[in-house]
Amino acid sequence: MPPVRLAPDVAAFYTEQSAFTDPGDLASLYADLPRDPARLARVARDLMIHRGEGGTFGHTVARERLHDDAETRYLDDILRLIVERNDAPLSHRREPGDRFVGVCRDFSLLHCSLLRHFGVPARLRSGFATYFGENGFHCDHVVTEYWDPARGWLLADAQLAEPLVADEWGIDFDPMDVPRDRFLVAGKAWRAVRAGEADARTFGLHPPEDGPLNGEWFVAGNVRLDLAALNKVETLLWDIWGTETEAGQELVAPVRELYDEVAAVVGDEVRFATARELFAEREGLRTPRTVLSLAPYNGPREVTLR
């Protein structure tokens, strides 16, 4: 099979670090790491624990880490926390008590940073996974999308690089090549909802019976996050701005039409130039310097980004 070509401007854009993925003065920590994308996913996995995984690892997560670690936006600050807790090389698997306590975004952010450092084009994708349970719910999730010269863009879920976690969820696919019908990028999910092919209530952070964190407004918010990440603005998942709608609020027609336009650009195939233009020129989509962070544990506050 002949190699797949990636446009030089796209390759250059997604190989360069963003303000969020840049290891800064800690880049030297990457020096002796492997370059293989799968091995880098395992490195990221072994430095972090999801704040909902305490039971899986038989570990009680300290309250302050549960509340505060995942509020860390920038990769250099995440690395500082990791090496403060254990200054071994990053290739050294940490015990749960020495790990950064994050969410899906953090595994993917570190994996993306490592890939970019070694010259692999990579980006975060926001969307919905169907593999966290068998109830038909599409769970809010973030993965890495990286460039494979032989096959093109592939989805990778570094959180599943830990066999304990993969076994717990009955994962039957390669975490470095997540099937695109098992993880729906946000634009694809939006189009399915709008076409009446999927129930908006089955997309969100929790099923309907567990609260209002699901529905059409939630899918729209994920489209906004995905567009930002494709422009290398990899914010926290609870940072809101622009066209964000209050939880459970019905969307008005102009907002639906805006997201129809965006979703056509940021599906499994990304129209790079148009995605860049939309983000730069639409005030309701572009991430402003100051965002409102609806921190799950620490409460809402305004945050000025770097």
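Residues numbered from 1 in each chain as written. Predicted model: local features only at pLDDT ≥ 70, side-chain atom pairs only at ≥ 80, totals over all residues. Heavy atoms only, no water.

A closer look at the overall build of the protein chain
Reasoning step 1: The helix and strand tally for the protein chain stands at 11 helices and 10 strands.
Reasoning step 2: Taken against the 2.2 N^0.38 rule, which gives 19 Å for 306 residues, the C-alpha radius of gyration of the protein chain at 18 Å falls within 12% of a compact globule.
Reasoning step 3: For the protein chain, the spread of C-alpha atoms along the principal axes amounts to about 55 × 45 × 40 Å.
Reasoning step 4: Evaluated residue by residue, the protein chain yields a buried proportion of 57% over its 306 residues.
Reasoning step 5: Once local pairs closer than 6 in sequence are excluded, the contacts in the protein chain between residues at least 24 apart make up 69%.
Reasoning step 6: Carbon and sulfur atoms make up 50% of the accessible area of the protein chain, which amounts to about 13,400 Å² in all.
Reasoning step 7: Looking at charge distribution, the protein chain has the averaged site of its 35 positive side-chain charges lying 3 Å from that of its 51 negative ones. (Helix = DSSP H or I, 4+ residues; strand = E, 2+ residues; numbered from the N terminus. Rg over C-alpha atoms; globule rule 2.2 N^0.38 Å. Buried < 20%, exposed > 50% of the residue type's maximum accessible area, 1.4 Å probe, protein only. Contact = heavy atoms within 4.5 Å. Areas by Shrake-Rupley, 256 points an atom, 1.4 Å probe, with all protein chains shown as cover. Lys, Arg positive; Asp, Glu negative; His and termini not counted. Charge placed at Lys NZ, Arg CZ, Asp CG, Glu CD.)

Points about the pairing of strand 9 (residues 290-295)
The two faces of a sheet get side chains in turn, since along a regular strand they alternate between them.
Reasoning step 1: In strand 9, alternate side chains face the same way, and those of Val291, Ser293 and Ala295 are buried while those of Thr290, Leu292 and Leu294 on the opposite face are not.
Reasoning step 2: Inspection of the sheet shows strand 8 (residues 239-240) paired to strand 9 by two bridges, in the antiparallel sense. Counted as the bridge partner of Asp239 is Ser293 from strand 9.
Reasoning step 3: Alignment of strand 9 against strand 10 (residues 299-304), held across six bridges, turns out to be antiparallel. Within the sheet, the bridge partner assigned to Ser293 lies in strand 10 and is Arg301.
Reasoning step 4: Taking the residues between adjacent antiparallel strands as the criterion, strand 9 and strand 10 are bridged by three residues. (Pairing = 2+ DSSP bridges.)

Quick notes on the state of the cysteines
Reasoning step 1: By the definition in use, this model includes zero disulfides.
Reasoning step 2: Of the cysteine sulfurs around Cys104, a residue in no disulfide, the closest is that of Cys139, at 7.7 Å. (Disulfide = S-S within 2.5 Å.)

Observations concerning the sheet that holds strand 8
Reasoning step 1: The strand order 8-9-10 describes an open sheet built from three strands, whose pairing is antiparallel. Each end of this open sheet is capped by a strand with a single partner; those strands are strand 8 and strand 10.

Things to note about unusual backbone geometry
Reasoning step 1: A positive phi angle, close to 65°, is found at Lys232, a residue other than glycine.
Reasoning step 2: Tracing the sequence through the fold places Lys232 in the loop between helix 9 (216-230) and strand 8.

Considerations on the nonpolar core
Reasoning step 1: Of all hydrophobic cores here, the largest spans 84 residues; its most connected members are Tyr30, Leu33, Leu110, Leu114, Tyr146 and Trp190.
Reasoning step 2: The leading source of residues in this core is helix 9, at 10 residues.
Reasoning step 3: In this structure Leu110 touches Tyr30, Ala44, Leu47, Met48, Leu75 and Leu79, once residues within four positions along its chain are discounted.
Reasoning step 4: Counting residues in hydrophobic clusters, the runner-up holds 19 residues, among them Val61, Leu66, Val143 and Leu160. (Core = buried A, V, L, I, M, F, W, Y, C linked by side-chain atoms within 4.5 Å.)

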